[in-house]
Amino acid sequence: MPHLLPPPLRPLRDGRRFRPELHGVRGLAILLVVTFHIFAGGRVSGGIDVFLAITGFLALPSLLGRTRGQWRIDLVARFSDLIRRLVIPLLPVLVAVAIAGAILVPLSEQPQVFSEMKASIFFYENWQLIASQLSYDAAGPGTSPLQHIWSTSIQGQFHVIMTFFVMAVAWAAGIVRAEKRNVLLVALGVVTAASLWWAVEATATYQEAAYFSTFTRAWELTLPGMLGLVVAGIRLSPVARGLLSWIGISLIVSCGFVLDGAALFPGPAALWPVVGVCLVLAAGNTHTRWGADRILVARPFQRLGDISYSLYLWHWPILIFALIMTGQEQADPATAAIVLAVSLVAGTAGKILFEDRAANWRPAFLNPARALATGATTTVLAFIAASGALAYSADRFEAETAAFEAMVVETDYPGAGAMVAPESITIAALDPLPSRDILRADAGWYAALNKSEPCIQRHLGSETTSCQHPEADTGPLVLMVGSSHTGQWSEPLAAMALDYGWDLEVYEKAGCLLTTDGERNTSGLPLDASCVAWNENMQDVIAERQPELVVTTGTTRLASEPETATPGMVDAVRRITDAGIPVFLFRENPHRTEEWLECLAADSDSHTRCEAPREAFYSAEIDRTGLPQVSGSARAFDTSRYLCDEESCYGQVGNVRVLRDDNHVTATFASSARAFIESDIRALVPHVFETPTTALSAESGDVGR
């Protein structure tokens, strides 16, 4: 039996061109991404950050090598290679998403899908998500099937920008007669420092946009890229390499379990996975029997590394469409297993058919020039097709909305009125409104206004911005103040404002109730510093503007508990009423349950159906004693009266769907309660219901002018 020599103890360099352990890190990263997305409800694993780091590690040394002996890079060869590697495998995914989206995605959401499809074709999906004011969402039936292309877009932008950046650096190095690699390291150091600084600042102030931004993510590619430029000269002993490899793997694997990346990245917390992959790459071949590289070079990780790009492209839309078809908010174990199996098959097929075969089809990709022409033509045609699909879906949505608005006035859809209708009234069961195609978009006037003229304050802002009704802008001032659970009732308030001549504005901050509770409150109300600051500013606005009426939410739900009114919510109302300003309060509404989803998906011969226990949503104590804020200057609208009976609350009432998403009522249902809301507001502030002077003048023909 031959004697095995122990590994050398002296420091070693690692100058290999192909690094199987790096390929294994790809496999590990895609395993983390896919399993966290499918089995952990879309939780961020840190695997995408690993992919970004590997891209930088490989791309920058490769680009510098292309400038050997000159400063120019063969752009035709470079970009034809990128098209073959990145675009060709992506196109069949987009085709599949277009077909499945047209069938499965509600009509109201199809324009957004096709807008993102256009962005994905030209690799600016991350900027499209920012422009659409979308934050990173865990996997769910309402999540975009193309959301995951944000990271691929950043990689594509990085490849293009760095091609010209490296050429510029190589040219500058030639002018000053300096070593190109050294000049590039300095330039990359500046970019890395600037990007990391901006990531820290932006994550603290506007994390939703920072998460997708190329500028805040650039350091995750340039820092490993700097390592790639020097790694061949690093001398480390086998023991040091082995230790670094295990520390790196530990950081990569633990990231998703320890950190909430969706809320913390791309700030300093993102150093966790990026440093982890850098340590593994610096360790390289450890020359030990116990180093982590021994696991990474194993066949399972190498095979996953082979299909990592195609598997990444396919797994997310497969998951989202599976959730849409099953109606689940999160995949149950059986669904998750099926999604994983289908994703692995699709990823393998994508690798074989498109990465290996289509991208190397000789008639189309015989040489770089032909490859570039083929790729560019295909990309432009795909963009034109996506643009046509976008226009068609937008036209269909507008037509459906117009038809819906014409139907909603029919008395066959009483909505809230069905719960208080006399027994002698017969209500026929009809197909409920709004239809599934426009259900999620049924949010009312101010939500539509916010899309064209952003007026809702985001999660991390504290400035008091308002949505002014475009027509109801003069007369007695009525302010709706609080979170989206106040704004969801803006549709019936707008109808009253137009009828009675009010000036209606909505002051909304996402996820922030009107309260004086602090960040550390005894009620368990989740508040951040921006919400506390916004509430302080809002009290000043109310005191300064002296509205005739403030409308807000009177109760809230903490975790899985029924509703409550926290001390801060009570105090905030009393501050306003003590200043002589009346307050109208909406009681919290039920949230959607899995049972409701299954029930609403089935046909029925009942106009009011899909019940859930009332006690899960409404407080028995508040049922008995009323809201603690109520006084002579504050009145509450009891939503339970129009959504529930004594035992149950319903997901469909009077042929009207109650919820448009997990916990917001549809504008259609809110409008159906207008008469009841108006009656309660009239009892509180009767003077605002006097017919406006302008209306009287118009009706009298301006007599006496």
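That block above? That's the structure.
The present account deals with the structure reproduced in this document. (Residues numbered from 1 in each chain as written. Predicted model: local features only at pLDDT ≥ 70, side-chain atom pairs only at ≥ 80, totals over all residues. Heavy atoms only, no water.)

On to helix H7 (residues 180-205). Under the 1.5 Å per step criterion, the end-to-end length of H7 is 37 Å for 26 residues, consistent within 8% with the ideal 38 Å. Taken together, the buried positions of H7 are occupied by Lys180, Leu184, Leu185, Ala187, Leu188, Thr192, Ser195, Ala199, Ala202 and Thr203. Buried residues along H7 sit against helix H2 (47-66), helix H6 (149-176), helix H8 (207-212), helix H9 (214-217), helix H10 (219-230) and helix H12 (261-264). (Helix = DSSP H or I, 4+ residues; strand = E, 2+ residues; numbered from the N terminus. Expected span 1.5 Å × (residues − 1). Buried < 20%, exposed > 50% of the residue type's maximum accessible area, 1.4 Å probe, protein only. Contact = heavy atoms within 4.5 Å.)

Further remarks concern the sheet that holds strand E4 (residues 549-553). Taken together, six strands build an open sheet; the order of strands is E1-E3-E2-E4-E7-E9 and the sheet is mixed. The sheet is open, and its two edges are formed by strand E1 (466-473) and strand E9 (634-637), each paired on a single side. Within this sheet the neighbouring strands show an average axis-to-axis angle of 20°, counted without direction. Packing of helix H19 (residues 445-452) onto the sheet brings it into contact with E1 and strand E3 (503-508), and relative to E1 it is tilted by some 115°. (Pairing = 2+ DSSP bridges. Axes fitted to C-alpha atoms, helices over the stretch in contact; angles between N-to-C directions.)

Let us look at the nonpolar core. In terms of nonpolar packing, the biggest core is built from 100 residues, with Val25, Ile252 and Val277 touching the most fellow members. Broken down by element, the residue count for this core peaks at twelve residues, all from helix H16 (residues 308-326). Every residue in contact with Val25, bar those within four places of it in the chain, is listed here: Val50, Ile54, Ile252, Val277, Val280 and Leu296. Ala497, Leu600, Tyr642 and Ile677 belong to the second-largest nonpolar core, a separate cluster that totals 53 residues. (Core = buried A, V, L, I, M, F, W, Y, C linked by side-chain atoms within 4.5 Å.)

Turning next to helix H24 (residues 594-601). Three or more residues of H24 are buried, namely Trp596, Leu597 and Leu600. For H24, the buried positions fall inside an angular range of 100° around the axis, keeping them on one side. Opposite the buried face of H24, at more than 90 degrees from it, the exposed residues are Glu595 and Glu598. The secondary structure elements touched by the buried residues of H24 are strand E8 (609-613) and strand E10 (648-653). (Arc of directions from axis to C-beta.)

Now for the side chain of Glu588. If you trace the backbone, Glu588 turns up in the loop between strand E7 (583-586) and H24. Among buried charged residues, Glu588 stands out as having no salt bridge; its nearest opposite-charge side chain is Arg557, 4.4 Å away. Sequence-distant contacts of Glu588, defined by excluding residues within four places in its chain, comprise His485, Thr555, Thr556, Arg557, Glu563, Tyr618 and Thr639. (Lys, Arg positive; Asp, Glu negative; His and termini not counted. Salt bridge = Lys/Arg side-chain N within 4 Å of Asp/Glu carboxyl O.)

This part covers the pairing of E10. Among the six residues of E10, six are classified as buried, and the element is accordingly described as predominantly covered. Here four bridges tie E8 to E10, and the two strands are oriented antiparallel to one another. Bridged to Glu611 within E10 is Tyr650. Where E10 lies against strand E11 (residues 656-657), two bridges are found, and the strand directions are antiparallel. Within E11, the residue paired with Gln652 across the bridge is Arg657. Hairpin connection from E10 to E11: two residues lie between these consecutive antiparallel strands, with Gly654 at a positive phi of about 55°.

Read from one edge of the open sheet, three strands run E8-E10-E11, paired in antiparallel fashion. Two strands close off the open sheet at either side, each with one partner strand: E8 and E11. Set on the sheet, H24 makes contact with E8 and E10; between it and E8 the angle comes to about 170°.

Most of the time, phi is negative for any residue but glycine, and the peptide bond is trans. The linkage connecting Phe265 with the following residue, Pro266, adopts the cis geometry, with an omega of 10°. Counting through the fold element by element, Pro266 comes out in the loop between H12 and helix H13 (271-283). Residue Pro434 is reached from Leu433 by a cis peptide bond, and omega for that bond is -10°. Following the sequence through the fold, Pro434 ends up in the loop between helix H18 (368-407) and H19. In this structure, Asn655 is a non-glycine residue whose phi angle is positive, near 65°. Tracing the sequence through the fold places Asn655 in the loop between E10 and E11. On the accessibility criterion, Asn655 (0% relative accessible area) is buried.

So, on to a nonpolar patch on the surface. A cluster of nonpolar side chains, Val239, Leu243, Trp246, Ile247, Trp290 and Ile295, forms an exposed patch at the surface whose accessible area comes to about 550 Å². Top element by residues in the nonpolar patch is helix H11 (residues 238-258). It accounts for four residues. Tracing the backbone through its elements, the reader meets Trp290 in the loop between H13 and helix H14 (293-296). Classification of Trp290 as partly exposed rests on a relative accessible area of 42%. (Patch = residues over 30% accessible without salt bridge, like charges linked within 9 Å, V, L, I, M, F, W, Y side chains within 5 Å. Areas by Shrake-Rupley, 256 points an atom, 1.4 Å probe, with all protein chains shown as cover.)

Let's shift gears to the packing of aromatic side chains. Each pair of aromatic rings is reported with the distance of its centres and the angle of its planes. This model, assessed by the stated rule, comprises 20 aromatic pairs. Where Phe586 meets Phe637, the ring centres are 5.6 Å apart and the plane angle is 70°; that geometry is what we call edge-to-face. A residue pair is termed long-range when its members are at least 10 positions apart, and Phe586 in strand E7 and Phe637 in strand E9 qualify at 51 residues. In this structure, Phe586 and Phe637 share a single accessibility class: buried. The rings of Trp489, Phe584, Phe586, Phe637, Tyr642 and Phe676 are connected pair by pair, giving a single aromatic cluster. The side chain of Arg217 reaches across the aromatic face of Tyr211, ending 4.6 Å from its centre. (Phe/Tyr/Trp six-rings, centres within 6.5 Å; stacked < 30°, edge-to-face > 60°. Lys NZ or Arg CZ within 6 Å of the ring centre and 35° of its normal.)

What follows covers the packing of helix H3 (residues 75-104) against H6. Two elements in contact, H3 and H6, have axes separated by 12 Å at closest approach and are oriented at 175°. Viewed along their axes, H3 and H6 adopt a mutual orientation that is roughly antiparallel. Contact residues: Leu75, Arg78, Phe79, Leu82, Arg85, Leu86 and Leu90 in H3; Ile149, Gly156, His159, Val160, Thr163, Phe164 and Met167 in H6. The residue makeup of the contact of H3 with H6, split by class, is nine nonpolar, three polar and two charged. (Parallel < 35°, antiparallel > 145°, perpendicular 65-115°, else oblique. Nonpolar A, V, L, I, M, F, W, Y, C, P; charged D, E, K, R; others polar.)

On to the state of the cysteines. Using the criterion set out here, one finds four disulfides in the structure. Through a disulfide, Cys455 is tied to Cys467; the S-S separation comes to 2.0 Å. Its S-S torsion of approximately 95° makes the covalent link between Cys455 and Cys467 right-handed. Of the two residues, Cys455 is situated in the loop between H19 and E1 and Cys467 in strand E1; the sequence distance between them amounts to twelve residues. Residue Cys467 is classed as buried on the basis of its relative accessible area of 0%. The residue that forms a disulfide with Cys644 is Cys649, at a sulfur-sulfur distance of 2.1 Å. Across the disulfide from Cys644 to Cys649, rotation about the S-S bond amounts to roughly 90°, and the bridge is consequently right-handed. Looking at Cys644, the relative accessible area reads 5%, which means it is buried. Looking at the unpaired Cys255, the closest cysteine sulfur is the one in Cys278, lying at 14 Å. (Disulfide = S-S within 2.5 Å.)

Note that all results are geometric; they support no functional claim without further evidence.
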